[in-house]
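The lines below spell out each chain.
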Amino acid sequence: METVYRFPPEKRMAEVHIIGQIVGASGFPQNSLFCKWGLQAGCAWKLLSGLKDGQTQVDNPVIKDMAYWSHPIDIHYATKGLQGWPKLYIQVWHQDSFGRNELYGYGFCHIPSSPGTHEIQCVTWRPLGTWQEQLSQMFVGGGPQLKHSDLIYTGADRYRLQTVAMGKVHLQLSIILRNFDQYGVEY
């Protein structure tokens, strides 16, 4: 049986339901891709139900234009403020025929703040590295990775990185807002 959280009227919080899917990815140099994802929200946000991170399966499509994951997302947050609105961060990985995993890209997007269904394309990038690392990546595989994954969505030192654009991750998200009118937020 699922636990349902109810707040008394005097402690009622604004709620956001994020329901949808990570459809897939396109524009990457190779196929056999999977995605690791997570949601980051500010300290005023409380996760009521759902998983705030996960991983898709590996898709190795016969038609080479897009990898399809159709990975479900169903998350329920409560908050008393708009600061720290949730962001979705993504890591796209390639799995070769030997089962080795290689990072293909990082990306993030803000969760839409308006109710309704949204089609989102999240662009991705990867660190470029030195010319020695690029040469090694061409022959051996691998490549530079971020030491701290929070650089994906914070932007604190991200401006100092040299990056190369990779493909796009396609999302379909439906947003349901509840009790925001009690905090003076109109939508």
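Okay, so let's go over this structure. (Residues numbered from 1 in each chain as written. Predicted model: local features only at pLDDT ≥ 70, side-chain atom pairs only at ≥ 80, totals over all residues. Heavy atoms only, no water.)

1. Some remarks on the pattern of salt bridges
- Under the definition given, this model contains 2 salt bridges.
- Note that Glu 15 and Arg 178 form a salt bridge whose closest N and O atoms lie 3.5 Å from each other. In this pair, Glu 15 is assigned in strand S1 (residues 14-26) and Arg 178 in strand S9 (residues 163-178), connecting sequence segments 163 residues apart.
- Two residues, Asp 96 and Arg 100, come together in a salt bridge whose shortest N-O distance is 2.7 Å. (Salt bridge = Lys/Arg side-chain N within 4 Å of Asp/Glu carboxyl O. Helix = DSSP H or I, 4+ residues; strand = E, 2+ residues; numbered from the N terminus.)

2. With respect to the packing of aromatic side chains
- Evaluated as defined, the whole model comprises 6 aromatic pairs.
- Taken together, a centroid distance of 6.4 Å and an interplanar angle of 15° make the contact between Phe 28 and Tyr 104 stacked. In this pair, Phe 28 sits in the loop between S1 and strand S2 (33-40) while Tyr 104 sits in strand S7 (residues 101-110), placing the two residues 76 residues apart along the sequence.
- Relative to Trp 85, the ring of Trp 45 has its centre 5.2 Å away and its plane inclined at 85°; by these criteria the two rings are edge-to-face. One end of the pair, Trp 45, is in strand S3 (residues 45-49); the other, Trp 85, is in the loop between strand S5 (66-79) and strand S6 (87-95), with 40 residues separating them in the sequence.
- Exposure remark for Trp 45: the relative accessible area of 9% places this residue in the buried category. (Phe/Tyr/Trp six-rings, centres within 6.5 Å; stacked < 30°, edge-to-face > 60°. Buried < 20%, exposed > 50% of the residue type's maximum accessible area, 1.4 Å probe, protein only.)

3. Here we look at the environment of Trp 69
- The topology assignment puts Trp 69 in strand S5.
- Trp 69 sits in the buried class, given a relative accessible area of 4%.
- Through-space distance from the C-alpha of Trp 69 to that of Ala 25 is 8.2 Å; in sequence the pair is 44 residues apart.
- Beyond its immediate sequence surroundings of up to four residues, Trp 69 is in contact with Ile 22, Val 23, Gly 24, Ala 25, Leu 33, Phe 34, Cys 35, Thr 56, Gln 57, Asp 59 and Val 169.
- For Trp 69, the side chain forms a polar contact with the main-chain oxygen of Leu 33, separated by 3.1 Å. (Contact = heavy atoms within 4.5 Å. Polar contact = N/O pair within 3.5 Å; in protein donor to acceptor, adjacent residues only side chain to side chain.)

4. Considerations on the environment of Gly 42
- Take Gly 42: it is sitting in the loop between S2 and S3.
- The sequence separation of Gly 42 and Thr 79 amounts to 37 residues, and the corresponding C-alpha distance is 9.3 Å.

5. A word on the state of the cysteines
- Summed over the entire model, instances satisfying the criterion amount to 0 disulfides.
- Cysteine Cys 122 is unpaired, with the sulfur of Cys 109 as its nearest cysteine sulfur at 4.4 Å.
- For Cys 122, a relative accessible area of 1% corresponds to the buried category. (Disulfide = S-S within 2.5 Å.)

6. Concerning the pairing of S1
- Burial analysis of S1 places 10 of its 13 residues in the buried class, which makes it a mostly covered element.
- Pairing geometry for S1 and S5, over 12 bridges, is antiparallel. The residue of S5 that forms the bridge with Val 16 is Tyr 77.
- Of the pairings in the sheet, the one linking S1 to S9 comprises 11 bridges and is antiparallel in character. For Ile 19, the partnering residue across the bridge sits in S9 and is Ser 174. (Pairing = 2+ DSSP bridges.)

7. Structural notes on unusual backbone geometry
- We note that Ser 32 has phi near 60°; this positive angle belongs to a residue other than glycine.
- At Ser 70, a position not held by glycine, the phi torsion is positive, near 45°.
- Along the chain, Ser 70 falls in strand S5.
- In this structure Ser 70 comes out as partly exposed when scored by relative accessible area, which is 44%.

Remember, this is a structural readout, not a statement about activity or role.
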